Amino acid sequence: MIAFLGAAAAAWPLAARGQQSTKVARIGFLGLAPASAWVNRLEALRTGLRDLGWVEGKNIVIEFRWAEKVDQLPELTAELVRMNVDVIFALSSTYVEVARHATQTIPIVFATHADPVGLGHVASLARPGGNITGLSMLLTELAGKELEILKEAVTHATRIGVLWNPTTPSHPQALKAVEAAGEKLGVELRAVPIRTVEDFDGAFATMTRERVGAFLDLAGPLSYSQRVPLAELALKHRLPGMFGLKENVEAGGLMSYSADTVDLVRRSAAYIDKILKGVKPADLPVEQASKYELVINLKTANALGVEIPYMLLALAHEVIE
């Protein structure tokens, strides 16, 4: 009995050490500051992970890297690669483009990619190949539809501005789709580039000077993270705007037509879960958004003097009053 107890006592520290050595998975997260702008998406990611048994501080750690400007992303991504994180969560094409240049081995998961095949980030939706996979919001296809809805809402607009970001890889393709839609609608477009928040004032001054009747903002990290000043400038210059994300309308923008990005981020947790359990990204097909929403801010419409047609209001998934 004494020998048995002695052996057991010796085994207990070994068992405890074995439990303590259980690996904690590390997820690298790339974002564009400020971090406070991403609260709903961060909560969606954490909720999705918790539902699958991954809890911060218990069996996962999320390594956040926030860039003040896009050109800071390569160095921040390099930090995550040097740390040898298990997965890099690169929300959209802007982050994926940087991450894929930094590593061909660490898995990369995206949640709101605009056009993963068109940009060559995956070989195909069914067979991504390589180390990148996730979910797509199909911005290239949505952009033309957004212009159509904007024209229905602001019928008098014959010249429409298009805010786009040259640092967002998906925007050149989306801009082409908007131009094709503009030709069919018979509207004149004015493409105005914005690379940083410092470009906002000049962009709206340009659109005002060129007498555009409304504008379309292509969805991207910059317009998402800086949605409050963007909405304020639209009101200041009395320009009705169509946005690619619901959050821009909640911040005071006129309207949006987009995928449910919060749902996409939550669902992306399933990709992280499978990869952490040993599945290769190349074997995980890219999923497309299944929920699309038209959101209209009537308070903003009234402030701008825009009368939204009844049919659009009836089609809207949400009307903010």
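Residues numbered from 1 in each chain as written. Predicted model: local features only at pLDDT ≥ 70, side-chain atom pairs only at ≥ 80, totals over all residues. Heavy atoms only, no water.

A. Focus on the overall build of the chain. Tallying secondary structure elements over the chain gives 13 helices and 13 strands in all. With the principal axes as the frame, the chain shows a C-alpha extent of 95 × 40 × 35 Å. Per-residue burial for the chain yields a buried fraction of 53% across its 321 residues. Of the contacts made within the chain by residues no fewer than 6 positions apart, 70% connect residues no fewer than 24 positions apart. For the chain, the accessible surface area stands at approximately 14600 Å², while carbon and sulfur atoms represent 54% of it. Side chains of the chain carry 32 positive and 35 negative charges; the gap between the two charge centres is 3 Å. (Helix = DSSP H or I, 4+ residues; strand = E, 2+ residues; numbered from the N terminus. Buried < 20%, exposed > 50% of the residue type's maximum accessible area, 1.4 Å probe, protein only. Contact = heavy atoms within 4.5 Å. Areas by Shrake-Rupley, 256 points an atom, 1.4 Å probe, with all protein chains shown as cover. Lys, Arg positive; Asp, Glu negative; His and termini not counted. Charge placed at Lys NZ, Arg CZ, Asp CG, Glu CD.)

B. Spotlight on the nonpolar core. Grouped together as the largest cluster of nonpolar side chains are 101 residues, with contacts concentrated most on Leu49, Phe89, Leu163, Phe204, Met255 and Ile308. For this core, the element with the highest residue contribution is helix α5 (residues 139–153), accounting for seven residues. (Core = buried A, V, L, I, M, F, W, Y, C linked by side-chain atoms within 4.5 Å.)

C. Quick look at helix α4 (residues 93–102). Looking at α4, one finds that the buried residues are Ser93, Thr94, Tyr95, Val96, Val98 and Ala99. Against the buried residues of α4 lie β1 (25–32), α3 (73–83), β3 (87–90), β4 (108–113), β5 (132–136) and α8 (221–225).

D. The pairing of β3, seen in detail. Burial along β3 is two-sided: the face carrying Val87 and Phe89 and the face carrying Ile88 and Ala90 are both buried. Across four bridges, the pairing between β1 and β3 is parallel. Paired with Ile27 across the two strands is Val87, which belongs to β3. Relative to β4, β3 runs parallel, the two being bridged by two bridges. In the strand pairing of β4, Phe89 is matched with Val109. Traced from β3 through α4 to β4, the parallel crossover comes out right-handed. (Pairing = 2+ DSSP bridges. Right-handed = clockwise from strand over helix to strand, strands pointing away.)

E. Region of interest: helix α9 (residues 227–236). Every buried residue of α9 is accounted for by Arg227, Leu230, Ala231, Leu233 and Ala234. Taken down its axis, α9 places every buried residue within 160° of arc, on the same side. Turned more than 90 degrees off the buried face of α9, the exposed positions are Glu232 and Lys236. Positive backbone phi, at 55°, marks Arg238, one or two positions downstream of α9. (Arc of directions from axis to C-beta.)

F. Examining the sheet that holds strand β10 (residues 255–259) more closely. If you walk across this open sheet you meet the seven strands as β7-β6-β8-β9-β10-β12-β13, and the pairing is mixed. Looking at which strands have only one partner, the edges of the open sheet turn out to be β7 (188–193) and β13 (318–320). Ignoring strand direction, the axes of neighbouring strands in this sheet form an average angle of 20°. Inspection of the sheet shows strand β6 (residues 159–164) paired to strand β8 (residues 214–217) by four bridges, in the parallel sense. Of the residues in β8, the one forming a bridge with Val162 is Leu216. (Axes fitted to C-alpha atoms, helices over the stretch in contact; angles between N-to-C directions.)

G. Fine view of the packing of α3 against α4. Two elements in contact, α3 and α4, have axes separated by 9 Å at closest approach and are oriented at 55°. Taken together, the axes of α3 and α4 lie oblique to each other. Relative to α4, the crossing made by α3 is right-handed. In this structure, α3 contributes Leu73, Pro74, Thr77 and Val81 to the contact, and α4 contributes Thr94, Tyr95, Val98, Ala99 and Ala102. In the contact of α3 with α4, the residues fall into seven nonpolar, two polar and no charged. (Parallel < 35°, antiparallel > 145°, perpendicular 65-115°, else oblique. Left-handed = near helix turned anticlockwise from the far one by under 90°. Nonpolar A, V, L, I, M, F, W, Y, C, P; charged D, E, K, R; others polar.)

H. Examining the pattern of salt bridges more closely. Considering all chains together, one arrives at 17 salt bridges under this definition. The residue Glu79 makes a salt bridge to Arg65 at a minimum N-O spacing of 2.8 Å. Taken as a pair, Glu79 in helix α3 and Arg65 in strand β2 (residues 60–67) lie far apart in primary sequence, 14 residues in all. A network of salt bridges, in which partner residues are shared, links Arg159, Glu188, Arg190 and Glu210. (Salt bridge = Lys/Arg side-chain N within 4 Å of Asp/Glu carboxyl O.)

I. Representation of the packing of aromatic side chains. Counted by the stated rule, this structure contains nine aromatic pairs. Their ring planes at 55° and their centres at 4.6 Å tell us that Trp38 and Tyr224 sit as a pair that is tilted. Of this pair, Trp38 sits in the loop between β1 and α2 (39–51) while Tyr224 sits in helix α8, and the two are 186 residues apart along the sequence. Pair check on accessibility: Trp38 and Tyr224 agree, each one buried. Aromatic rings pair up to connect Phe29, Trp38, Phe64, Trp66, Phe89 and Tyr224 into one cluster. (Phe/Tyr/Trp six-rings, centres within 6.5 Å; stacked < 30°, edge-to-face > 60°.)

J. Summary view of the packing of helix α7 (residues 200–209) against α9. Relative to each other, α7 and α9 sit at 30°, their axes nearing to 11 Å. Considered as vectors, α7 and α9 are oriented roughly parallel to each other. Judged by the sense of rotation from one axis to the other, the crossing of α7 with α9 is right-handed. When α7 is examined against α9, the residues Phe200, Asp201 and Phe204 are found in contact with a partner set consisting of Leu230, Leu233 and Ala234. Counted by class, the contact of α7 with α9 contains five nonpolar, no polar and one charged residues.

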